[in-house]
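Letter by letter, the chains look like this.
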Amino acid sequence: RSNGELGPQEDRIDESTMNLNVSADWIPRATTSVQARAYYAMFDESSEATLAPPASTPLAPGALDERLLKVDGSFSQIFGSQQQLQGGAEYWRDEYSGINRLRNDAGEDASISTAWLQHRLTIGGRVTTTLGLRTDHHSEFGNAVSPKVAANARLGSGVFARASYGRGFRAPDIGQLYYRFLNPSSIYQVIGNENLRPEFANSFQVGGEYATPARRARFGVNLFRNDVEDLIESVSLGFAATPAQVVEIMTREGLDMSFRPVAGRLLLTYKNINNAVTEGVEVDGEVAITTRLSFAGAYTYLDAYDDVTDLPLTGRSDHSGSVRLMWRHQAAGFTANLRGAFASEWIAGRATVAGGPVVTYAPGDGVL
């Protein structure tokens, strides 16, 4: 039961889910391994709604149908005691349809084909280097090549240093491209943006770790920076009160009117931010208080901003972390955990109204 735009309403929602998975492992010899996997998931949802008694007027039905198929294979080959070669291929396909879900109720689909290769080399028992290359072919956005290079060095007893660079690729998902969802209980609508471009990111990390003898205590630190091109963000375009305002907003943003937006609702969509930066530091550690009791914690400081406007990004907390107290009885095979997590306030939304820009903050929280 909820309060919709026409008053109190009652909804009946039926859902069905199926997940299938099969995998195979083959070890033709001690230095070679091969693995293959296939995964299929199905989700169907149908809903019927009526205005609550005494009106009992039928409302528009809803439906959601999604199919996901993923097939992949990989191999690993060890050469001597210092080299390892790994590689694989993957195919992924997503199909999405329904009523009040997409611009086209008949649905949309997208697929990605991937191939990757990685070489690992150990030098002198102290330094390990990793070189990798990944290529993706997206049915909508074509090809993308992503290299990777990393190194890990043992500097002394219990002291390790590491550094890495990688290029990343992420295409918009079907919803970000083609959503057309009018929430029946809240006064907002989500409209997709078929003009979205894929994200590309250059990621840099430098860090280290220290562990005491027998690893009774461990401490790690990691500095990171991600330079993202065309970051995809959810944005509010404001409240469209009249059909003329709907047309004006859609035209201004270059959105297609075939998404059938309506007046009298807040209008949300997705946009590419020209360039964005996420950088910060992560620290984590663990200490054994007794042979059975240990404490661990982690903290992240994140500075995330639009590299063009210098405005903070939405949906990201500056400060976040976690703690864990664990008690283990080895002989009985029993483990108990007490966990906690926290995050500082974050920007939930940013919009422009007649009085100027408005920023909405979500409060920080903690969970134990």
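Residues numbered from 1 in each chain as written. Predicted model: local features only at pLDDT ≥ 70, side-chain atom pairs only at ≥ 80, totals over all residues. Heavy atoms only, no water.

Caption draft 1: Representation of the environment of Phe79. Within the secondary structure layout, Phe79 lies in strand E4 (residues 62-79). You can call Phe79 partly exposed: its relative accessible area is 42%. Sequence separation of Phe79 and Thr32 is 47 residues, and the distance between their C-alpha atoms is 9.5 Å. (Helix = DSSP H or I, 4+ residues; strand = E, 2+ residues; numbered from the N terminus. Buried < 20%, exposed > 50% of the residue type's maximum accessible area, 1.4 Å probe, protein only.)

Caption draft 2: Region of the structure containing the nonpolar core. Counting residues in each nonpolar core, the largest one holds 13 residues, and the members touching the most others are Tyr96, Leu102, Ile174, Tyr178, Val190, Leu196 and Tyr270. Of all elements in the fold, only helix H1 (174-178) and strand E14 (265-288) reach the threshold of two or more residues within this core. When neighbours within four sequence positions are excluded, Tyr96 is seen to be in contact with Leu64, Asp65, Glu66, Arg101, Leu102, Gly107, Glu108, Ile174 and Tyr179. (Core = buried A, V, L, I, M, F, W, Y, C linked by side-chain atoms within 4.5 Å. Contact = heavy atoms within 4.5 Å.)

Caption draft 3: Spatial organisation of the pattern of salt bridges. Scanning all chains against the criterion turns up 23 salt bridges. Arg93 serves as the salt-bridge partner of Asp109, at 3.4 Å between the closest nitrogen and oxygen. Of this pair, Asp109 sits in strand E6 (residues 108-123) while Arg93 sits in strand E5 (residues 83-99), and the two are 16 residues apart along the sequence. Residue classification places Asp109 among the partly exposed residues on the basis of a relative accessible area of 37%. Across the pair Arg252 and Glu248 runs a salt bridge whose closest N-O atoms are separated by 3.8 Å. Taken together, the positions of Arg252 and Glu248, both in helix H2 (residues 243-252) and four residues apart, correspond to about one turn of that helix. (Salt bridge = Lys/Arg side-chain N within 4 Å of Asp/Glu carboxyl O.)

Caption draft 4: Structural view of a nonpolar patch on the surface. On the surface, Val287, Ile289, Phe295, Val323, Leu325, Leu338 and Leu368 cluster together into a nonpolar patch covering about 630 Å² of accessible area. Structurally, Ile289 is set in the loop between E14 and strand E15 (293-306). Its relative accessible area of 48% is what places Ile289 among the partly exposed residues. (Patch = residues over 30% accessible without salt bridge, like charges linked within 9 Å, V, L, I, M, F, W, Y side chains within 5 Å. Areas by Shrake-Rupley, 256 points an atom, 1.4 Å probe, with all protein chains shown as cover.)

Caption draft 5: The arrangement of unusual backbone geometry in detail. We note that Asn100 has phi near 60°; this positive angle belongs to a residue other than glycine. Of note in this structure, Ala214 is not a glycine but carries a positive phi near 65°. Inspection of the secondary structure puts Ala214 in the loop between strand E12 (199-211) and strand E13 (217-240).

Caption draft 6: Spatial organisation of H2. Of the residues making up H2, those classed as buried are Val246, Ile249 and Met250. Projection of H2 onto a plane perpendicular to its axis shows the buried side chains occupying an angular sector of 95°, all on one side. Pointing more than 90 degrees away from the buried face of H2 are the exposed residues Ala244 and Thr251. Elements in contact with the buried residues of H2: strand E11 (188-191), E13 and E14. One or two steps after H2, the chain reaches Gly254, where phi turns positive at roughly 70°. (Arc of directions from axis to C-beta.)

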